[in-house]
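Now for the letters of each chain:
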Amino acid sequence: MSAHAPAAPGARLKKLVRRDTARREAPDAAHRLSPLWTFIAWLATLAFFAPVAWMVLTSFHQEADAATNPPSPLASPTFDQYRLLFSRDITPFLLNSAMASVISTLLVLALAVPTAYALSIKPVEKWTDVMFFFLSTKFLPAIAALLPVYLIVKDAGMLDNVWTLVILYTAMNLPIAVWMMRSFLAEVPKEILEAAEVDGAGLPTVLLRIVAPVAMPGLAATSLICFIFSWNEFMFAVNLTATNASTAPVFLVGFITSEGLFLARLCAAATLVSLPVLIAGFAAQDKLVRGLSLGAVK
């Protein structure tokens, strides 16, 4: 006789019922937790947005109201700080930032897309070594390269020149763009490219008319990130420019003086400087979300 008697049919049936009940109750438990996770997500969103909202609110105050301790958020609003900004002529600084950021982003895309194409769709030999080389260019801290860059730019006679910033921003953002675009282009179906080659399409046609439309979310995400990095860059801008090519972040530093911190005016200037990035992000948010998640999951 066997040492273990077979389980009774009733016991086996009860076990199956308990397993099925647990399986059906699991989604209900997750459904009960969803309001909690929604509440936590809203709390995190408000925590990240609170400093930005406070900055915008402070920009509509007088300096005396902004400097009170504790602050007075219910003080009467005013547009005086914005009028003072435009009377101080913030426009050239915004134009310099826009020129350096937009042109460098276009150059980065023009160089990164063919490079990523060669590293993903038509991989070259030892492409992993090439990718590591691009990554290794970001290992050196920017502050360590400041003095050599300054001496080279000075000898070239390009101090206080917007085109100097365009070249530097292009070099700084190119490795990031290549890494991002390679993951995006790896998702392009190979069948489409093979059909284009059979029809006799050359490389420029493949890149412009086939790869670019398919990888548009990735292009949008890469271009927006490169634009934000260029727009926010401060160290090279403040050390390599003086009056003709100063950018918006350099303009903000002018409100931190030996006479004190002009908090309301600084918040107004920071709000104006943040608007182009916010507008670009909202305009491309659907492509940005798709692009950032395009190469994440196979």
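As a reminder, the structure under discussion sits directly above these lines.
Please read all numbers here as calculations on a predicted model, not as lab measurements. (Residues numbered from 1 in each chain as written. Predicted model: local features only at pLDDT ≥ 70, side-chain atom pairs only at ≥ 80, totals over all residues. Heavy atoms only, no water.)

Asker: What exactly am I supposed to notice about the overall build of the protein chain here?
Answerer: Each helix and strand counted, the protein chain has 14 helices and 2 strands in total. When burial is assessed residue by residue, the protein chain has 34% of its 298 residues classed as buried. Counted over contacts in the protein chain with a minimum sequence separation of 6, partners at least 24 positions apart contribute 77%. Accessible surface, the protein chain: about 18,400 Å² in total, of which carbon and sulfur atoms supply 70%. (Helix = DSSP H or I, 4+ residues; strand = E, 2+ residues; numbered from the N terminus. Buried < 20%, exposed > 50% of the residue type's maximum accessible area, 1.4 Å probe, protein only. Contact = heavy atoms within 4.5 Å. Areas by Shrake-Rupley, 256 points an atom, 1.4 Å probe, with all protein chains shown as cover.)

Asker: Even after reading the chapter, I still don't get the nonpolar core, so can you show me in this structure?
Answerer: Among soluble globular proteins, nonpolar side chains are generally buried collectively. Judged by nonpolar contacts, the single largest core of 20 residues is most densely connected at Tyr-117, Ile-121, Met-181, Leu-185, Leu-193 and Val-211. When residues of this core are traced back to their parent elements, those giving at least two are α4 (91–120), α7 (162–185), α8 (190–198), α9 (203–214) and α10 (216–232). With sequence-adjacent residues up to four places away left out, Ile-121 is seen in contact with Ala-116, Leu-185, Val-188, Lys-190, Leu-193 and Val-211. (Core = buried A, V, L, I, M, F, W, Y, C linked by side-chain atoms within 4.5 Å.)

Asker: Help me out: how do you make sense of the side chain of Glu-63 in this one?
Answerer: One can find Glu-63 in helix α2 (residues 63–66). Buried and unpaired, Glu-63 has Arg-265 as its nearest opposite-charge partner, separated by 4.3 Å. A distance of 2.9 Å separates a polar side-chain atom of Glu-63 from the backbone nitrogen of Arg-265. Other than its neighbours up to four places away in sequence, Glu-63 contacts Gln-81, Leu-261, Phe-262, Leu-263, Ala-264 and Arg-265. (Lys, Arg positive; Asp, Glu negative; His and termini not counted. Salt bridge = Lys/Arg side-chain N within 4 Å of Asp/Glu carboxyl O. Polar contact = N/O pair within 3.5 Å; in protein donor to acceptor, adjacent residues only side chain to side chain.)

Asker: Can you help me understand unusual backbone geometry in this one?
Answerer: Look at Asp-89: it is not a glycine, yet its phi comes out positive at around 65°. Note on placement: Asp-89 falls in the loop between α3 (80–87) and α4. Positioned with a positive phi, Asp-160 is a non-glycine residue whose angle comes to about 55°. Inspection of the secondary structure puts Asp-160 in the loop between α6 (142–155) and α7.

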